Structure formats: C-alpha cells, structure tokens
Amino acid sequence: MKKKLLFNFVFYLFSCSLLQAQVYTETFEGVTGPGKPTLFINNSQSFTATTATPGATLGGLFGVYIPLNTWTMPNPGGGSTNNGPGGFGVGTSCTSGNCTGVSDKFLDNGSSLGVSQVYSIKTTDSHTFSIKNIQLFFSSDHGNTNNAPTSVIINGKKAGVTVFTINKVSGFITGFAMNNGFNYINFATEGGVDHSNASIDEIEFKCAANVNYFAVDNFTWSPVSIVLPVQLEDFSGSLHNNIVSLNWHTGTEINTNRFELQWSKNALDWQTINSQLAKGNKGIGGNNYSYAHNDIADLNFYRLLMIDNNGKFTISKILNLSKKSRGEITFYPNPVTDKLVITLPNNEIAYARFINSNGQVIKTMQLNKAITTIDINDFKRGVYTIRIIQGALIKTEKIIKQ
C-alpha cells in the first residue's frame, strides 16, 4: 500500500512538472467580436483585460484592438471611433524577445486621457499562471510615437495580494526599428530578480502620468499547478448569538507553516483576524482547527490562507455568513462549482437572471419558493452577474463559476 501511495505521489509531481513546462503566447490575432473585446481565451484558459481609474480620472477602454471595428472611448471628447487598418502590433515570429514583422491585433487603452491609469490582465476564474515575458508600448502623444515613460510599475498579484513588484524606470526603447516600438519585458531578468515562476492570477501595469497611450502584445505565460502544502478536507462556519464559529480540518500537511484566517465585509478588502501554526509539518494529517469571531458585521466573508515553509500559499473557498436572514435575498456558495442556492425572505414569486461578462443574458428563471437550488454545471468558468428581483427587493451581485 505504501508503494502504491508513493507511486501516485511521484506521478502527481511528475504530471505537475510537465504542466508547468508548457508555455503559451497570446498574440491576440485570433480574437474576434464586435467593439473592443476585453475577454480572450488561450489554451482553454480565459483572461480578461481590466481598467482601473484611481482618483476618479477617466481612462480609455483597455481591450483588444481590432482593425476596422468601432468602439466608444469613455473619455472627454470621446465618441464613436473607427480604427484604422492594422499593422501596429508586434510581429508574431519572435526569438529571445526580438520579433520580426508587425501584427494587426493587440491590447491597448484606446488613447486614454486619464492620468496614472492601472491596467491588468487576469484570469476570470482565479486560476493561477506564471508570466514569462510580454511586450509593452508607451506613448505620451496618443500612440503616434513611443516616448519613454518616466516609469512603469508592474505588479504580479494573487487573490488581490501583491506577489511581486517591478518598478522599471530606465531601458525603454524609442523608435520603431525594434519590435515595432514595443518594449520586451523578460520576467526572469527584469529588475534583477527572477519572477518568471511566481504563481499569480493577475499581472497589473501602472503607467506614469506622462503616458496617455498604452499597448500590450505577445503575452507569454504558463499554467501553474502546485503540489498543495496542505490538503484541506473541510472549511465551514456557523453563526449563533452574533458569534461566528469557524472550523477547518486537514487531511495532509506537507511542510505547512501556518494558517491565516481572513475576514472581509465585502469579499474585496481582507484583514487577517487569526493566525495558527500548523500542527503536522511532517506529513501527519487529520488535524482540526477552530476560531470564534465575535466582532462581526451584518455581512461577513471568510477565507483561509494556507502558507508553507517557503512562503508559497494557497487560498480556500470563501464562506459567506450574514446576520440579516429576514428581508434579504441571499445566495451561496460564491465562488460556485455546480449548484447555486438562492434564499428568499418569503414565498412570493421572484425572477433570477444570469448575465455573462459580455453583457449577454444567458439564463432567466422563475423562483417559486423560499429556497431554490439551481444547477449551473453548463456555465463556462468565469465571472457572471446575477440579478434577482422579488417585488421591491432587488439584488445584483457578481458570482464566480469555477
């Protein structure tokens, strides 16, 4: 039996190493659709391009530039803008960062008039990847020339937590003789530290204030499959007398250092409320942990960070516990794998609508009882908006389909 377990473990490690060795490049040439798509799929993994507007400044739409498409730029003086013919991207044939020729499609910000915008590429389902290299274009005159920015800050993130930061302030190219004006960023060497194997689910770019046009091409990445430092068998919580009791149980702990229990009021901003050292760092599992949280809000979210001795970590599912059980529409779990449970405050008829990331309604249904279980196995992995209406009550939130 021990030999069989050892074989399975070695085979699993071997399989993971094969998966990590696979490297893919998204050139965006195969992306189609109306307007300026923000979603693209490479090697069955879906990514989305996002724009943040700190300080309420206005930024352009960060998405795939497709020649002859028409889109509306959300900035002052914008409006319906028709792309020109193409050929502005990096060539798709590259060796060691040197690309020959040009390409038609790439990500850009549509000539932003905002200041210090933040743009990112992230997986839609929180699956992790490592970034190998990428091509970036900077301009202070709306893309006519590639001016060297004063800086660009690149952050690799995982579940909203910054894993690494690169602050590039020099070495930018100008002119179009090399890579059609794009800057080659090698994450194995940029900044003097190798970040090419870091496990992230988002790569973020913050340009200096003198940049009003930003473009990305030839995004090269690798899927990440990590042998978990801990096998989490169960993570659950219950609410009684305004105290949330949280419990988790591990099956196996291999070089596990500690557990950090995090709490949030909105599932976006997290704070650590409890840290416990792992009990079985020598492969002995079957350990139980618990914590009682009494400083709770009306709506409470919990997750576990499971951190190994090397500093790598994995994140559990998110628990959602609410003090307001009456007069509210709720649903769980989120993220969801196959079954979504919707609870209504009464038995009046309600309606639920599911909208995908492209704004398309993909499912509408009538809810006839206080608790309804919905099978969403046929949904593709990604982020959806659920809108539930029961009389005057309306609930609209994002859900993640894993």
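Here goes a summary of the coordinates provided.

## Considerations on the overall build of the protein chain
Broken down by element type, the protein chain carries one helix and 31 strands. Excluding contacts between residues fewer than 6 apart, the proportion of contacts in the protein chain whose partners are at least 24 apart in sequence is 65%. Per element, the accessible surface of the protein chain, about 19800 Å² overall, is 52% carbon and sulfur.

## A word on the sheet that holds strand β26 (residues 339-343)
An order of β25-β26-β29 is seen for the three strands of this open sheet, with the pairing classed as antiparallel. Both outer strands of the open sheet, β25 (330-332) and β29 (371-375), are each paired with one neighbouring strand and no more. Going across the sheet, the axis of each strand differs from the next one's by a mean of 20°, ignoring polarity. Bridge count for β25 against β26 is three bridges, and the pairing is antiparallel. Its bridge partner being in β26, Phe-331 is matched across the sheet by Ile-342.

## Quick look at the side chain of Asn-42
Looking at the element boundaries, Asn-42 is found in strand β2 (residues 39-42). Here Asn-42 falls in the buried class, since its relative accessible area comes to 11%. Within the structure, the side chain of Asn-42 is placed 2.9 Å from the side chain of Trp-221, a separation counted as a polar contact.

## Thoughts on the pattern of salt bridges
The tally for this structure, following the rule as stated, stands at seven salt bridges. Asp-125 is the salt-bridge partner of Arg-381, the closest N and O atoms lying 3.4 Å from each other. In this pair, Arg-381 is assigned in the loop between β29 and β30 (382-390) and Asp-125 in the loop between β10 (118-123) and β11 (129-139), connecting sequence segments 256 residues apart. Looking at Arg-381, the relative accessible area reads 36%, which means it is partly exposed. Note that Glu-260 is salt-bridged to Arg-258, the shortest N-O span being 3.0 Å. Judged by its relative accessible area of 15%, Glu-260 is buried.

## Some thoughts on the state of the cysteines
By definition, a disulfide links two cysteine residues through a covalent bond between their sulfur atoms. Summed over the entire model, instances satisfying the criterion amount to one disulfide. The partner cysteine of Cys-94 in its disulfide is Cys-99, sulfur to sulfur 2.0 Å. With the S-S dihedral at roughly 105°, the linkage between Cys-94 and Cys-99 falls on the right-handed side. For Cys-94, a relative accessible area of 34% gives the class partly exposed. For Cys-99, a relative accessible area of 11% corresponds to the buried category.

Parameters and conventions
Residues numbered from 1 in each chain as written. Predicted model: local features only at pLDDT ≥ 70, side-chain atom pairs only at ≥ 80, totals over all residues. Heavy atoms only, no water. Helix = DSSP H or I, 4+ residues; strand = E, 2+ residues; numbered from the N terminus. Contact = heavy atoms within 4.5 Å. Areas by Shrake-Rupley, 256 points an atom, 1.4 Å probe, with all protein chains shown as cover. Pairing = 2+ DSSP bridges. Axes fitted to C-alpha atoms, helices over the stretch in contact; angles between N-to-C directions. Buried < 20%, exposed > 50% of the residue type's maximum accessible area, 1.4 Å probe, protein only. Polar contact = N/O pair within 3.5 Å; in protein donor to acceptor, adjacent residues only side chain to side chain. Salt bridge = Lys/Arg side-chain N within 4 Å of Asp/Glu carboxyl O. Disulfide = S-S within 2.5 Å.

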